[in-house]
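Geometric and topological summary
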Amino acid sequence: MPVAHLNGIDINYEVHGAGTPLVLTHGYSATLEMWREQVPAFSAKYRLVIYDSRGHGTTTAPADMNAYGLARDYVADKLALMDHLGIERAYVGGLSMGGMIAQEFALQHSGRVKALLLFDTGPGMSAMAQNPERMAQFTKMREMMQTVARTKGMSAIIDAMRNSPMALSPAATGAAVPEAALRHIENMKRMSVDGYLGGSKSIRDWGGSLERLHQITAPTLVLVGEQDHLLAASRAIHSKITGSRFVLLRNSGHGTNIWRSSAFIEETLEFLAAVDAGQPVDGEFVVP
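In what follows, the accompanying structure is described. (Residues numbered from 1 in each chain as written. Predicted model: local features only at pLDDT ≥ 70, side-chain atom pairs only at ≥ 80, totals over all residues. Heavy atoms only, no water.)

Turning to the pairing of strand β7 (residues 220–225), a few remarks are in order. Summarising burial for β7: six of the six residues are buried, a large majority. Here strand β6 (residues 113–119) runs beside β7; their pairing, made up of four bridges, is parallel. Across the sheet, Phe119 pairs through a bridge with Leu223, a residue of β7. Handedness of the crossover joining β7 and strand β8 (residues 245–249) through helix α9 (residues 231–240): right-handed. (Buried < 20%, exposed > 50% of the residue type's maximum accessible area, 1.4 Å probe, protein only. Helix = DSSP H or I, 4+ residues; strand = E, 2+ residues; numbered from the N terminus. Pairing = 2+ DSSP bridges. Right-handed = clockwise from strand over helix to strand, strands pointing away.)

Shown next as structure tokens:
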């Protein structure tokens, strides 16, 4: 895999296909492997760029926790990689934490965004704070995970995540957990503790986008799973971005590209085809 030395770190990335660039950022504690099932379909129509964000995969994980600013460092890395690859304007997106980075990127660099794809994400902790019960659950889990990481290492994190309803929500309904979801959890064993804690810190410290989302004018897709803990947060994003498209995937938890890969691909490509054709993309849709 190619590596680019940018912003003082080595960024691991892949490029597949040709055409309009489609630059995607994975979620917290994941890697570019998260997109593996989507690579064939997306790269058949677009120049797909996927990469390990700082602290994740084989990209550098700085020991300095101050090097993990979502609006500063993670956005700067995405911009630097696009510049490195000669990409002036792209379809820009991400899932969960990657979607937060994509939002901030679109707000800071609107001219570089042809369309915005926001998967299973939210506009920051302020939006989640409107649901005290969910906020308390998230805070408790995050603090527990941080303590475990510092004292017992990443293998202990894996054991905790196997029993996390927020990580594997559809399992409670009897749905089989996709192999890709189990693979992601096991892959976390190789994540550095610095990257794990730094990524968490960046989400916690991010000021959020809720009060600025109205500034986004690029065609926007907001796609989320029915059982995702960020469902309400995704609806809040949709309500703030004029003309955005909201898609709800039934029988899916957090990580729609893993739980419902075929539907995820179909809805994303349909949205991008509409953008390619200059057609309106607004509306709300439910996918059984």
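With 16 residues, helix α11 (residues 261–276) should cover 22 Å at 1.5 Å per step; its first-to-last C-alpha distance of 22 Å lies within 8% of that length. Backbone geometry just downstream of α11 places Gly278 in the positive-phi region, at approximately 75 degrees. (Expected span 1.5 Å × (residues − 1).)

Here the focus is the pattern of salt bridges. Counted by the stated rule, this structure contains twelve salt bridges. A salt bridge links Glu104 to Arg212, with the shortest nitrogen-to-oxygen separation between them at 2.8 Å. Of this pair, Glu104 sits in helix α3 (residues 97–108) while Arg212 is found in the loop between α8 (193–205) and β7, placing the two residues 108 residues apart along the sequence. The buried category is assigned to Glu104, whose relative accessible area is 3%. On the accessibility criterion, Arg212 (26% relative accessible area) is partly exposed. Across the salt bridge formed by Glu186 and Lys189, the nearest N and O atoms sit 3.0 Å from each other. Exposure remark for Glu186: the relative accessible area of 27% places this residue in the partly exposed category. (Salt bridge = Lys/Arg side-chain N within 4 Å of Asp/Glu carboxyl O.)

Here Asp64 is to be found in the loop between β4 (47–51) and α2 (70–84). Residue classification places Asp64 among the partly exposed positions, given a relative accessible area of 44%. For the pair Asp64 and Gly198, spaced 134 residues apart in sequence, the C-alpha to C-alpha distance is 8.3 Å. A polar contact is formed between the side chain of Asp64 and the backbone nitrogen of Asn66, at a distance of 2.9 Å. (Polar contact = N/O pair within 3.5 Å; in protein donor to acceptor, adjacent residues only side chain to side chain.)

Before going further, it helps to examine the packing of aromatic side chains. Two aromatic rings are characterised by how far apart their centres lie and by the angle between their planes. Enumeration according to the criterion identifies six aromatic pairs in this entry. The interplanar angle of 35 degrees and the centroid separation of 6.5 Å between the aromatic rings of Trp35 and Phe264 together place this pair among those described as tilted. On the criterion of sequence distance, the pair formed by Trp35 in the loop between β3 (21–25) and α1 (39–43) and Phe264 in helix α11 is long-range, its members being 229 residues apart. Judged by relative accessible area, Phe264 falls into the buried class, the value being 0%. The interplanar angle of 55 degrees and the centroid separation of 4.5 Å between the aromatic rings of Phe119 and Phe264 together place this pair among those described as tilted. Of this pair, Phe119 sits in strand β6 while Phe264 sits in helix α11, and the two are 145 residues apart along the sequence. A connected cluster of aromatic rings, assembled from ring pairs, spans Trp35, Phe42, Phe119 and Phe264. (Phe/Tyr/Trp six-rings, centres within 6.5 Å; stacked < 30°, edge-to-face > 60°.)

Keep in mind that these numbers describe shape and distance, not what the molecule does.
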